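What follows is the residue order along each chain.
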Amino acid sequence: MALISPLTPIFVAVLCVVIALVFRSLQNRDSASRPVSNNPTTEARPWVDEDLQDDTEISSKDNEDDDEWVEGGEEDLAHVPYTPVRYPPEEMLERSQHFYSLLNQRRSVRFISPEPVPRTVIDNVIRAAGTAPSGAHTEPWTFVVVADAETKHKIRLIVEEEEEVNYRQRMGDKWVKDLERLRTNWVKEYLDVAPYLILIFKQAYGILPNGKKKTHYYNEISVSIACGLLLAALNNAGLVTVTSTPLNCGPMLRALLRRPANEKLLMLLPVGYAAADATVPDLKRKPLDDIMVYI
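For clarity, every value in this text was computed on a predicted model and none was experimentally measured. (Residues numbered from 1 in each chain as written. Predicted model: local features only at pLDDT ≥ 70, side-chain atom pairs only at ≥ 80, totals over all residues. Heavy atoms only, no water.)

**Overview of the pairing of strand β2 (residues 196–203)**
Consecutive side chains of a regular strand alternate in pointing toward one face of the sheet and then the other. Defined as follows: Buried means the residue's accessible area, taken with a 1.4 Å probe over protein chains only, is under 20% of the maximum for its type, while exposed means over 50%, and partly exposed covers the values in between. Only DSSP runs of H or I with at least four residues qualify as helices, and only runs of E with at least two residues qualify as strands; both kinds are numbered from the N terminus onward. Here, a strand pair is defined by DSSP locating no fewer than two bridges between the strands.
Counting buried residues along β2, eight of its eight residues qualify, which places the element largely inside the surrounding structure. Across the two faces of β2 the burial is the same, with Y196, I198, I200 and K202 and L197, L199, F201 and Q203 all buried. Sheet topology places strand β1 (residues 141–146) next to β2; six bridges connect them, and they run antiparallel. Counted as the bridge partner of V146 is L197 from β2. Where β2 and strand β5 (residues 263–271) come together, eight bridges link them in antiparallel fashion. Note on β5: the bridge partner recorded for L199 is L268.

Structure, rendered in structure tokens:
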């Protein structure tokens, strides 16, 4: 005991250091396993869909040493002459006014007729959406058209289950209060009734036939532009829809529709003719002076 006693303080000190090092190592491992967010307000934004929180804007520099990623594009891409139609000023004015008047009739409609819509019309409006510009012409979109009644019903069940949680918990009182005047809730009958559901997925990155990944620059912005063209094309064809972005449904809908992991649900559109008894809120759009700054 006489030999042990003088060494006891040293032994205890060493043991404390070892415990501290082990504890710090475990802390670092736990921190590394958690996703890092550069946005301190993320926790205060319940409207952000978790499925869209991924590396959507991957730079080639970050992946230049990664064998999974392909480098560059077509080096010998030909450039050809382009001469678009040019209209006289009077016709320009008439066409611009007509196009505005057409789009000003567009409304978000939740009462949709089950009446069949020609498939070729749907093909054409999606072709129109596919003319949208995209980062480095990667065209990072997938339009999934669902006409099968059983699949539509499964989509409705997934969406309504999550939307009820959204309304009751995730969205918060302020958001729910703001929606009261629009008379919306988590019941989405139109998902069964509409002849078509169009689910628009953004491709966070491309997958080539050889399995390599291809960077899709500005993919979410590109797909959002395509969605805008799709809305305009639907309105032009005399069809209606309502823009639906069901929170936290992306992974389940992706699995249901057997879409690959690089695709993230951005928007869901029920599409068809307006029901005979359809109503919409009597909303007014902002005047030009409120949305345009002329310098």
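That covers the picture; the talk isn't over yet.
**Quick word on the packing of aromatic side chains**
As a reminder of what qualifies: The rule is short: rings of Phe, Tyr and Trp, with Trp giving its six-membered ring, pair when the centres are within 6.5 Å, and they are stacked under 30 degrees, edge-to-face over 60, tilted in between. Comment: the charge-over-ring label is applied if NZ (Lys) or CZ (Arg) is within 6 Å of the ring centre and within 35 degrees of the ring normal.
By the definition in use, this model includes one aromatic pair. A ring pair is formed by W69 and Y205, whose centres lie 5.8 Å apart and whose planes are at 65 degrees; its orientation type is edge-to-face. Of this pair, W69 sits in the loop between α1 (4–33) and α2 (89–104) while Y205 sits in strand β3 (residues 205–207), and the two are 136 residues apart along the sequence. Both residues of the pair, W69 and Y205, count as buried. Sitting over the ring of Y205, K213 keeps its end group 4.9 Å from the ring centre.

**Digging into unusual backbone geometry**
Phi is positive for Y218, close to 50 degrees, though the residue is something other than glycine. Here the phi dihedral of R258 falls at roughly 55 degrees; this positive angle occurs in a residue that is not glycine. As for its position among the elements, R258 is in the loop between α8 (250–256) and β5.

**Section: the pattern of salt bridges**
How we decide: Salt bridges are defined as contacts in which a side-chain nitrogen from Lys or Arg sits within 4 Å of a carboxyl oxygen from Asp or Glu.
Counted under the stated rule, the structure contains eight salt bridges. Linking E68 and K213 is a salt bridge whose minimum nitrogen-to-oxygen distance equals 3.4 Å. Here K213 lies in strand β4 (residues 213–215) and E68 lies in the loop between α1 and α2, a separation of 145 residues in the sequence. Note that R259 is salt-bridged to E263, the shortest N-O span being 2.8 Å.

**A closer look at the sheet that holds β5**
Basically, it comes down to this: For helices, the fitted axis covers only the stretch in contact; all axes are lines through C-alpha atoms, and the angles between them, taken along N-to-C directions, range from 0 to 180 degrees. In this analysis, two residues are considered to be in contact whenever any of their non-hydrogen atoms come within 4.5 Å of each other.
Ordered by their spatial adjacency, three strands build an open sheet running β1-β2-β5, and the pairing between neighbours is antiparallel. If you trace the sheet from one side to the other, it starts and ends with β1 and β5, each paired once. In this sheet, adjacent strand axes meet at a mean angle of 20 degrees when their direction is disregarded. Across the sheet, helix α7 (residues 219–236) touches β1, β2 and β5, and the angle it forms with β2 is around 155 degrees.

**Focus on the environment of Y205**
The class of Y205 is buried, set by a relative accessible area of 18%. The spacing of Y205 and P140 is 65 residues in sequence and 7.5 Å in space, taken between C-alpha atoms. For Y205, the residues in contact, after removing those within four places along its chain, are W69, K213, K214, H216 and N262.

**A short note on the confidence of the model for the protein chain**
Quick note on the threshold: Each residue gets a pLDDT score, which is the predictor's confidence in that residue and runs from 0 to 100.
Of all residues in the protein chain, 76% attain a pLDDT of 70 or more, and the chain-wide mean is 83. This model gives residues 31–44 a pLDDT under 50, and the stretch forms two contacts once residues within four places in sequence are excluded. For residues 54–61, every residue scores under 50 in pLDDT, and the model assigns this stretch 17 contacts once sequence neighbours within four places are set aside.

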